[in-house]
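Now for the letters of each chain:
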Amino acid sequence: MPVALRMTSLYAPTLKEVPAEAEVVSHRLLLRAGMVRRTAAGIYSFLPLGWRSLHKIEQIVREEMDMIGSQEVMLPIVQPAELWIESGRWEDYGPELARLTDRAGREFCLGPTHEEIITALVRDEVRSYRDLPLSLYQINMKFRDEVRPRFGLLRGREFVMKDAYSFHADQASLQEHYDAMSRAYGRICERLGLDYRPVEAESGQIGGKVTTEFMALAENGEAALVYCDGCDYAANVDAASTIVSRTPAVTEPMPMEKVATPGIGTIAELSDFLAISPHDTVKTLAGVVERDGARTLVFFCVPGDRELNPVKACWAVPGVELLDEAGFAEFAIPKGSLGPVGVKPGTLVVADRSLEGDVSWGVGANEDGFHLVHAMPGRDFEVGEWADLVVAMPGDLCPTCGGVLKGARGIEVSQVFQLGTKYSVSMGASFTAEDGIEAPFLMGCYGVGVSRSLAAVIEQHADDAGMAWPVTVAPLEVAVLPLMAEGEVAEVGERIWRELADAGVEVVIDDRDERAGVKFADADLIGWPYQVIVGKRGLAEGVIELKDRASGIRTSVPLADAVERVAALVAGAKSALAARTAHP
Ligand code: ATP
Ligand code: MG
């Protein structure tokens, strides 16, 4: 089916003014070009052009899923509470889960993700190892009642996701599919024209351990990353293991001294007061964990100029929760002057690995208004455990090759997880293995933020005039701009438009009775990748102008060659965006 549209009948209401609520480029341009409209906070309607681009992304994702043998299904958005109670997430998911009750009083939720539905579906049908592996995917709306929906399609409450789930009899099979998915995700990014990096990540709410996020690099990205130029290592700072290089000012043991520090409660105040760098102080944070039925205090010590990563705190001490105000009251400890010396009996002291070997710690004295300087581990206090605890930062050393890490920001466009048996065990989903024994499925889950990817593409492909789409995601590939609404110019424009459509190019004609300047501005705003400009002066010389939106370069092309040239350009641009990552 040829795609040939007319601007006069296209529903793409453009806006002159930048809407005030739109903080990022993609949000502003999607609204200005009439591609989406906000229906409620974090909830958007897709207009024809937005829908076309979204659909193209879906199609690329679909092709890549089909290619690795995942099969498309369609699962319900409204999900019964019972399944979520079985998995334990009815409690755990919290207020992001939108819950509803039907007329008979039964409870449901709007699917923020579909592990429960798919696990229930498969457990009732798949019985034998012979039916495995199995991989299913869907492209569907998700609903998450996000605390802070913002940045348009980047963080919506209702958004389009491709989610895939796989079931395996053994780890080797799971790993194989996980690798195939990861490569497919790389290929998807490449075909969307995204500058991206796969990064090590933290698995959060979903569970499981092995996981990679695919980050579109962007200044507006919500995620902070570190990466190494010397090797492939890259990680979300939430998960990055790191080697902090330390150069303490005092390297010889000195007698510990207690110093009065009236009113001092923060590292900044302490380092000012003691006239030492925050780097040479040690910050102690308190947490609590259930141990042998008792609530046990945990002190985490990190260099004063670094932040404790709560995820790593949990890796070091599974189940630990950082103390809130009530917790400080419960244990009667002074929040502003905690330290590892003279702790209450039973307190577990966990210190950041970078402090190992430092002989002179400036720490809180566990007494309001006092600190200790030159405290020495092994002499003045004991460290129960050394662990990697801090949020990674550019300048830290790469855990793989020792190179210096750099920082970047990114938009998480997709993520792959190995779930293991988290859902199959809690929901009783098992199969009969080859040896006749009943075993829980090993599972993987894999998500692409389809609507978020649309915005991410714009974040990377826009300029002051508007969007500059990669041809694979553009709502249409070519626009014909006849600069007059009547006469030869209009007729030639119409002819080129028809011939391009017949040649299989997706093409729109700006047949509005508008000034050339208006047509140029709208064409650049919407960002048609190639523009065929037909004007009176050019026609007198037998030429049209061909504009490449991304580079802005215009070239004169003989009228007779125009259709062939444009079709070849589009085909060339498409093959330039073919995936680089090898298909497995
Ligand atoms: P985030 O950390 O950004 O909240 P997530 O890790 O919770 O996302 P996943 O559960 O991994 O999200 O969902 C798979 C994909 O769905 C994400 O990689 C992202 O591209 C997309 N996504 C998640 N939340 C949103 C949202 N609120 N709006 C748009 N896309 C989203
Ligand atoms: Mg994620």
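See above for the structure.
What comes next is a walk through the structure. (Residues numbered from 1 in each chain as written. Chains lettered and ligands numbered in written order. Predicted model: local features only at pLDDT ≥ 70, side-chain atom pairs only at ≥ 80, totals over all residues. Heavy atoms only, no water.)

What follows is about the coordination of the magnesium ion (ligand 2). Surrounding the magnesium ion (ligand 2) are the protein donor atoms Glu-412 (OE) and Gln-415 (OE1), at 1.9 to 2.2 Å. Residue classification places Glu-412 among the partly exposed positions, given a relative accessible area of 26%. By relative accessible area, which is 8% here, Gln-415 ends up buried. (Donors = N, O, S within 2.8 Å, 3.2 Å for Na, K, Ca; no water. Buried < 20%, exposed > 50% of the residue type's maximum accessible area, 1.4 Å probe, protein only.)

Using the criterion set out here, one finds 36 salt bridges in the structure. As a salt-bridge pair, Glu-506 and Arg-52 come within 3.8 Å of each other at their nearest N and O atoms. In this pair, Glu-506 sits in the loop between α12 (487–502) and β29 (507–509) while Arg-52 sits in helix α2 (residues 48–67), placing the two residues 454 residues apart along the sequence. Between Asp-229 and Lys-406 there is a salt bridge whose closest N-O contact spans 2.4 Å. Of this pair, Asp-229 sits in the loop between β12 (223–228) and β13 (234–236) while Lys-406 is found in strand β22 (residues 405–420), placing the two residues 177 residues apart along the sequence. Given the relative accessible area of 39%, Lys-406 is considered partly exposed. By sharing partners, the salt bridges in this structure join Glu-63, Glu-64, Arg-187 and Arg-191 into a single network. (Salt bridge = Lys/Arg side-chain N within 4 Å of Asp/Glu carboxyl O. Helix = DSSP H or I, 4+ residues; strand = E, 2+ residues; numbered from the N terminus.)

In the vicinity of ligand 1, 14 residues are found, and the nearest of them are Arg-144, Glu-146, Arg-155, Gly-156 and Glu-412. Contacts to ligand 1 include Arg-144, whose side-chain N or O atom sits 2.9 Å from an oxygen atom. Compared with its free state, where it exposes 580 Å², ligand 1 has 84% of that area covered by protein. Taken together, the elements giving at least two residues each to the shell around ligand 1 come down to β9 (158–168) and β22. It is β22 that contributes the most residues to the shell around ligand 1, 4 residues altogether. For the shell around ligand 1, the residue count by class is 5 nonpolar, 4 polar and 5 charged. (Near = heavy atom within 4 Å. Polar contact = N/O pair within 3.5 Å; in protein donor to acceptor, adjacent residues only side chain to side chain. Areas by Shrake-Rupley, 256 points an atom, 1.4 Å probe, with all protein chains shown as cover. Nonpolar A, V, L, I, M, F, W, Y, C, P; charged D, E, K, R; others polar.)

Next up on the list: helix α7 (residues 267–274). Every α-helix carries 3.6 residues per turn, so stepping three or four residues along brings you back to the same face. Residues Ile-267, Leu-270, Ser-271 and Leu-274 constitute the buried set of α7. One face of α7 carries all of its buried residues, which in axial projection span an arc of 95°. Residues of α7 that are exposed and angled more than 90 degrees away from the buried face: Ala-268 and Asp-272. Elements that come into contact with the buried residues of α7 comprise β14 (257–260), β15 (282–291) and β20 (370–375). One or two steps after α7, the chain reaches Ala-275, where phi turns positive at roughly 55°. (Arc of directions from axis to C-beta. Contact = heavy atoms within 4.5 Å.)

The sheet contact formed by strand β31 (residues 543–548) and strand β32 (residues 554–558) spans 5 bridges and is antiparallel. Paired with Ile-544 across the bridge in β32 is Val-557. The antiparallel pairing of β31 with β32 creates a hairpin that spans 5 residues between the two strands, and Gly-552 there sits at a positive phi of about 80°. (Pairing = 2+ DSSP bridges.)

Read across the open sheet, the 6 strands follow the order β1-β29-β28-β30-β31-β32; overall the sheet is mixed. For this open sheet the edge positions go to β1 (4–6) and β32, each flanked by a neighbour on one side alone. Each neighbouring strand pair of the sheet contributes to a mean axis angle of 25°, computed without reference to strand direction. Contacting β1, β28 (478–482), β29, β30 (530–534) and β31, α12 runs over the sheet at an angle of about 165° to β28. (Axes fitted to C-alpha atoms, helices over the stretch in contact; angles between N-to-C directions.)

This part takes up the nonpolar core. If you look at the biggest cluster of nonpolar residues, it comprises 66 residues, and the most contacted ones within it are Met-65, Tyr-185, Trp-469 and Trp-528. Per-element accounting of this core gives the leading share, 8 residues, to helix α6 (residues 171–191). Counting residues domain by domain, this core receives three or more from each of domain 1 (4–8 + 464–579) and domain 2 (35–241 + 407–459). In this structure, Trp-469 is in contact with Met-35, Ser-53, Leu-454, Val-457, Ile-458, His-461, Ala-474, Pro-475, Ile-526, Gly-527 and Pro-529, ignoring residues within four places of it in sequence. Ranked by size, the runner-up nonpolar core spans 28 residues in total, among them Leu-134, Tyr-423, Phe-441 and Cys-445. (Core = buried A, V, L, I, M, F, W, Y, C linked by side-chain atoms within 4.5 Å. Domains from an automatic or database assignment.)

Right, let's talk about the state of the cysteines for a bit. As enumerated under the stated definition, the model contains 0 disulfides in all. Of the cysteine sulfurs around Cys-314, a residue in no disulfide, the closest is that of Cys-301, at 17 Å. In this structure Cys-314 comes out as partly exposed when scored by relative accessible area, which is 32%. For the unlinked cysteine Cys-398, the closest cysteine sulfur is that of Cys-231, found at 3.6 Å. For Cys-398, a relative accessible area of 1% puts it in the buried group. (Disulfide = S-S within 2.5 Å.)

What follows concerns the packing of α12 against helix α15 (residues 562–576). Interhelical geometry of α12 versus α15 gives an angle of 45° and a closest axis separation of 10 Å. Of the possible angle classes, the one that applies to α12 and α15 is oblique. Considering the relative orientation of α12 and α15, their crossing is right-handed. Of the residues in α15, those in contact with Ile-496, Glu-499 and Leu-500 of α12 are Val-563, Val-566 and Ala-567. Class assignment of the residues belonging to the contact of α12 with α15 gives a composition of 5 nonpolar, no polar and 1 charged. (Parallel < 35°, antiparallel > 145°, perpendicular 65-115°, else oblique. Left-handed = near helix turned anticlockwise from the far one by under 90°.)

To continue, consider the sheet that holds strand β19 (residues 361–364). Strand pairs in the sheet, formed through backbone hydrogen bonds, run parallel or antiparallel to each other. Taken in spatial order, the 3 strands make up an open sheet running β14-β20-β19, and their pairing is antiparallel. With one partner strand each, in any of the chains shown, β14 and β19 form the two edges of the open sheet. Geometrically, the sheet is characterised by an average inter-axis angle of 25° between neighbouring strands, direction not taken into account. Note: β14 against β20, 4 bridges, orientation antiparallel. Paired with Glu-257 across the two strands is Val-373, which belongs to β20.

Let's shift gears to the packing of aromatic side chains. Here the structure, examined in full by the defined rule, presents 7 aromatic pairs. With 5.4 Å between their ring centres and 20° between their planes, Phe-431 and Phe-441 make a pair best called stacked. Highlighted residues: Phe-431 in strand β23 (residues 430–432) and Phe-441 in the loop between β24 (438–440) and β25 (442–449), separated in sequence by 10 residues. For the pair shown, Phe-431 and Phe-441 are each scored as buried. Put simply, the rings of Phe-167, Phe-431 and Phe-441 touch in pairs and so form one group of aromatic residues. The residue whose ring lies beneath Lys-258 is Phe-370, and the NZ or CZ to ring-centre distance is 4.8 Å. Its guanidinium or amino end placed over the ring of Phe-520, Arg-554 lies 4.9 Å from that ring's centre, counting from NZ or CZ. (Phe/Tyr/Trp six-rings, centres within 6.5 Å; stacked < 30°, edge-to-face > 60°. Lys NZ or Arg CZ within 6 Å of the ring centre and 35° of its normal.)

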